[in-house]
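One-letter residues, chain by chain:
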Amino acid sequence: MNNPFRLILGNVAAAFLGQGLGSLFNWSQYAGNDSQQQRAIAIGDIQIKIAELQRNKAELQQKLREQVTVEILKLEELARAFQIEQAIAKRDKQRLEIARVSYRFGEGDSERYLAYIPQVEKNK
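What you see is a predicted model, and the numbers here were worked out from it, not measured in a lab.

Definitions and limits used
- Residues numbered from 1 in each chain as written.
- Predicted model: local features only at pLDDT ≥ 70, side-chain atom pairs only at ≥ 80, totals over all residues.
- Heavy atoms only, no water.
- Helix = DSSP H or I, 4+ residues; strand = E, 2+ residues; numbered from the N terminus.
- Buried < 20%, exposed > 50% of the residue type's maximum accessible area, 1.4 Å probe, protein only.
- Contact = heavy atoms within 4.5 Å.
- Areas by Shrake-Rupley, 256 points an atom, 1.4 Å probe, with all protein chains shown as cover.
- pLDDT = per-residue confidence, 0-100.
- Salt bridge = Lys/Arg side-chain N within 4 Å of Asp/Glu carboxyl O.
- Patch = residues over 30% accessible without salt bridge, like charges linked within 9 Å, V, L, I, M, F, W, Y side chains within 5 Å.
- Expected span 1.5 Å × (residues − 1).

1. Quick word on the overall build of the chain
Item 1. Helices and strands together make up the secondary structure of the chain, namely five helices and zero strands.
Item 2. Listing the helices and strands of the chain from first to last along the sequence gives α-α-α-α-α.
Item 3. For the chain, with 124 residues in total, the buried portion stands at 13%.
Item 4. Across the chain, the fraction of contacts at a sequence separation of at least 24, relative to all contacts at a separation of at least 6, is 39%.
Item 5. Here the chain has roughly 10,400 Å² of accessible surface; of this, 58% comes from carbon and sulfur atoms.

Structure below.
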């Protein structure tokens, strides 16, 4: 039979109350010797530490999931911006080709054609 204080108050408080009141009610024959009580207390402490470690692990996993989600959203934003820049560069290249063809057929002037070249190089 275990110490009834251990069932109600837990290992640490039961150890103190069990030793103090154990002699009064003669629970010492049921409670076991001091080494067994110390081992029980040590096991209880280890179980508490394991529970704390598991809680910390769960908190860290949640924080990591949140950070990964934020980084994925940033990556998607950068990917969209990159695609937009690619489309702009493609249109600028097409405008340059139109200006080049127009210039060859004499419809454009040199200044307009030469103004497109730095814009396309900048967007590249």
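Structure shown, so let's carry the discussion forward.
2. Considering the confidence of the model for the chain
Item 1. Confidence along the chain averages 77 in pLDDT terms, with 70% of residues attaining 70 or more.
Item 2. Mean pLDDT across the elements of the chain ranges from a minimum in helix 3 (residues 28-31), with 50, to a maximum in helix 4 (residues 34-104), with 90.

3. Side note on the pattern of salt bridges
Item 1. Evaluated as defined, the whole model comprises four salt bridges.
Item 2. Residue R55 is joined to E59 by a salt bridge in which the shortest nitrogen-to-oxygen separation is 3.4 Å. Taken together, the positions of R55 and E59, both in helix 4 and four residues apart, correspond to about one turn of that helix.
Item 3. By relative accessible area, which is 47% here, R55 ends up partly exposed.
Item 4. Classification of E59 by relative accessible area gives partly exposed; the value is 39%.
Item 5. The partner of R100 in a salt bridge is E97, and the shortest N-O contact between them spans 2.8 Å. One end of the pair is R100 and the other is E97, both in helix 4 and three residues apart, which spans about a single turn.

4. Here's the deal with a nonpolar patch on the surface
Item 1. A contiguous nonpolar patch, built from L64, V68 and I72 and spanning about 260 Å² of accessible area, is present on the exposed surface.
Item 2. Assignment of secondary structure puts L64 in helix 4.

5. A few points about helix 4
Item 1. Helix length check: helix 4, at 71 residues, gives a terminal C-alpha distance of 103 Å against a target of 105 Å (1.5 Å per residue), a fit within 8%.
Item 2. Looking at helix 4, one finds that the buried residues are Q37, I41, G44, D92, L96, A99 and S102.
Item 3. Note on helix 4: the residue one or two positions beyond its end, G106, has a positive phi of about 85°.

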